[in-house]
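Geometric and topological summary
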Amino acid sequence: MRKAHLTPAPFRGPRRPPLRVWIWTAATLALVVVAALLWRGSDAAATESTTAAPARVPSGTPAHAVSLAWERGGDPLPGDVVEQGRVILGSAHGVAAVDPVSGDESWHYTRSNALLCGVTATNGVVVAVFRTEDRCDEAVALDAGTGVRTWTRNVLFRSDAILKSTDQIVLAISKTGVVTLDPTGDNIRWRYDLPKGCVIDDAEVGSAGVAVLQTCDRSTTAQLRLLDGFTGKGHWNHDVTVPRGSTVRLLGADQLLGLVVGDQVQALSADSGSVRHRIPLAGNDEPQELSFEGVALLWVDGTLHALDAPTGAQLWQAEARGLSSAPVAKTAAAGAGALVLPDGHGFTRRDPRSGRALGRSSVVDLPAGGTATGVGPVVVYRLSDRVLAYS
């Protein structure tokens, strides 16, 4: 038989995928590129966050002689920089917490695509507000000890908003109004909108509520209003005559309301707004105020005046270079928290009611105008633009 000759099929090369496959592939690549671009411009990509284990607050008291252990800059800084055993610092794009003993960073939260408007710390959390456009529009709360985020929400604050806080209340202040936030939740409690023709000169928040100092229609008389911190309901109004060319500002809103009017500091009743005590003001240092357990402390021209909060009567006075924060530790000899007061010798621990000295930690060349907080063997000293730690 004759063998059949088979003709091989011509070589055609790899088979091309259908057109629909090319379309799907191009669409997928486009989605990947768009997603990458969106990620690079997103808040998530711009956010850098670290966390830490809860802080172990050190025990003990500062030594008889202490020296500078570490120094860190901060702008802005919370009113009270110590919270949950951490020292809280603000920067242009975020916040960080450092260990009070070593000064090493424990955690941080930064936003490269936003600017920090303000930061405050209370009730175990750090509340920070960021500006992404022309307003301060995003608020975040972080656990002060660990840096773990507890809530985030949108807000609508002016770009000049300032944050202050007290127990259970965060206050945002601008020239046109105030807003209160719940620090442990994310809700806005109430807003205070100014009457037409008025501007806010100053505002403070404390145990008495929210004090608002406002001027209307360029009057030489300012109006001081005390509002309930949780509802915004008005308690009382008090007219303040401002001498020509002088300034007026608030120092606090606690058991006695401190008010600077021209060349004097006035201590006002939280119940009625009546003046209970007057202190002449002559120096250049900014007065400060702290209220604690029925005692109002006013630092004026290098002297600390301790006043009985219910009556305004002076209990004691002492030379000082600044003020103490609210005590964070108990002292058996005092029967209450001891105040850590900066003075010409260093830091003196005093009983808040009697002024009796309970101990002293000497320091050489301590700068004036700061607020001292005792954290175990360390004294954290907050100045306007930096924090110093002595141990």
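Numbers given to residues run from 1 along each chain, matching the order in which its sequence is written. Reporting in this predicted model follows two pLDDT cut-offs: at least 70 for local features of residues, and 80 or more for side-chain atom pairs to be given and counted; totals over whole chains, interfaces and linings ignore these cut-offs and use all residues. Remark: hydrogens and water are excluded; side-chain values derive from all non-hydrogen atoms of the structure.

A word on the sheet that holds strand 30 (residues 339–343). Only strands joined by at least two bridges in the DSSP assignment are considered to pair. Each helix is a run of DSSP H or I of at least 4 residues and each strand a run of E of at least 2, with the numbering of both proceeding from the N terminus. Strand order in the open sheet formed by three strands is 30-31-32, with antiparallel pairing between adjacent strands. Across the chains shown, the open sheet's two edge strands, defined by having one partner strand only, are strand 30 and strand 32 (357–362). Each adjacent strand pair in this sheet contributes to an overall mean axis angle of 25°, direction not counted. Where strand 31 (residues 346–350) and strand 32 come together, five bridges link them in antiparallel fashion. Among the inter-strand pairings, Phe347 is bridged to a residue of strand 32, identified as Ser361. For helices, the fitted axis covers only the stretch in contact; all axes are lines through C-alpha atoms, and the angles between them, taken along N-to-C directions, range from 0 to 180 degrees.

Glancing now at the side chain of Glu138. Secondary-structure assignment places Glu138 in strand 9 (residues 136–143). A polar contact is formed between the side chain of Glu138 and the side chain of Arg111, at a distance of 2.8 Å. Distance and chemistry together define a polar contact, namely a pair of N or O atoms within 3.5 Å, with one atom able to donate a hydrogen and the other to accept it when in protein, and with adjacent residues in sequence counting only for side-chain atoms on both sides.

Following the sequence through the fold, Asp254 ends up in the loop between strand 19 (248–250) and strand 20 (256–261). For each residue, the accessible area found with a 1.4 Å probe, counting protein chains only, is set against the maximum for its type, and the residue is called buried under 20%, exposed over 50%, and partly exposed in between. The convention is simple: Lys and Arg are positive, Asp and Glu are negative, and His and the chain ends are not counted. We define a salt bridge as a side-chain nitrogen of Lys or Arg found within 4 Å of a carboxyl oxygen belonging to Asp or Glu. Despite its burial, Asp254 pairs with no opposite charge, the nearest such side chain being Lys164 at 11 Å. The contact definition used throughout considers only heavy atoms, calling two residues in contact when any of these lie within 4.5 Å. If we ignore the near neighbours within four places in the chain, the residues touching Asp254 are Gly206, Ser207, Ala208, Ala270 and Ser291.

Okay, the pairing of strand 24 (residues 295–300) next. Counting buried residues in strand 24 gives six out of six residues, a clear majority hidden from the surface. As paired strands, strand 23 (residues 288–292) and strand 24 are joined by five bridges and run antiparallel to one another. Looking across to strand 24, one finds that Ser291 is bridged to Ala296. Between the antiparallel neighbours strand 23 and strand 24 lie two residues, among them Glu293 with a positive phi of about 50°. Pairing geometry for strand 24 and strand 25 (residues 303–308), over six bridges, is antiparallel.

Take the confidence of the model for the protein next. The quantity called pLDDT is the predictor's confidence in a given residue, expressed from 0 to 100. Here the protein averages 88 in pLDDT, and 88% of its residues register 70 or above. With pLDDT under 50 throughout, residues 329–336 is counted as low confidence; its partners more than four residues away or in other chains account for 13 contacts.

Time to look at the pairing of strand 4 (residues 86–90). Counting buried residues along strand 4, five of its five residues qualify, which places the element largely inside the surrounding structure. Of the two faces of strand 4, the one carrying Arg86, Ile88 and Gly90 and the one carrying Val87 and Leu89 are both buried. Pairing between strand 3 (residues 82–83) and strand 4: two bridges, direction antiparallel. Across the sheet, the residue bridging to Glu83 is Arg86, located in strand 4. Taking the residues that link successive antiparallel strands as the turn, the strand 3-strand 4 hairpin has two residues, and the phi of Gln84 there is positive, at about 55°. Two elements, strand 4 and strand 5 (residues 94–98), share four bridges in a ladder whose sense is antiparallel. Counted as the bridge partner of Val87 is Val98 from strand 5. Following strand 4, the chain reverses through three residues before pairing antiparallel with strand 5.

Once that is clear, we can look at the packing of aromatic side chains. Two measures describe an aromatic ring pair: the distance that separates the ring centres and the angle between the ring planes. Whether two aromatic rings pair depends on their centres lying within 6.5 Å, for rings of Phe, Tyr and Trp, where Trp uses its six-membered ring; planes under 30 degrees apart make the pair stacked, over 60 edge-to-face, and the rest tilted. Summed over the entire model, instances satisfying the criterion amount to three aromatic pairs. Each ring, one from Tyr109 and one from Phe130, has its centre 6.0 Å from the other, and the planes form 55°; the classification is tilted. Taken together, the residues span a long stretch of sequence, with Tyr109 in strand 6 (residues 105–111) and Phe130 in strand 8 (residues 125–131) at a distance of 21 residues. For the pair Tyr109 and Phe130, one class covers both residues: buried. Aromatic rings pair up to connect Phe347, Tyr381 and Tyr390 into one cluster. Here the guanidinium or amino end of Arg111 rests over the ring plane of Phe130, the centre of that ring lying 5.5 Å away. In this analysis the charged atom, NZ for Lys or CZ for Arg, is taken to sit over a ring once it is within 6 Å of the ring centre and within 35 degrees of the ring normal.

Before going further, it helps to examine the nonpolar core. Of all hydrophobic cores here, the largest spans 17 residues; its most connected members are Ala211, Leu213, Leu224, Val240, Val248, Leu257 and Leu259. Broken down by secondary-structure element, the contributors of at least two residues to this core are strand 16 (209–216), strand 17 (221–227), strand 18 (234–241), strand 19 and strand 20. In contact with Leu224, other than residues within four places in its own chain, are Ala211, Val212, Leu213, Trp236, Asn237, His238, Val240, Leu250, Leu257 and Leu268. Here, nonpolar core means buried Ala, Val, Leu, Ile, Met, Phe, Trp, Tyr and Cys residues that are tied together by side-chain atoms lying within 4.5 Å of each other. Within the second largest apolar cluster, 16 residues are counted, among which are Val127, Cys136, Ala161 and Val170.

So, about the state of the cysteines. Any two cysteine sulfur atoms lying within 2.5 Å of each other are counted as a disulfide. Per the counting criterion, the structure on display carries two disulfides. A sulfur-sulfur separation of 2.1 Å characterises the disulfide bridge that pairs Cys117 with Cys136. A torsion of -100° about the S-S bond marks the disulfide between Cys117 and Cys136 as left-handed. Pair noted here: Cys117 is in strand 7 (residues 115–122) and Cys136 is in strand 9, with a separation of 19 residues, a long-range link.

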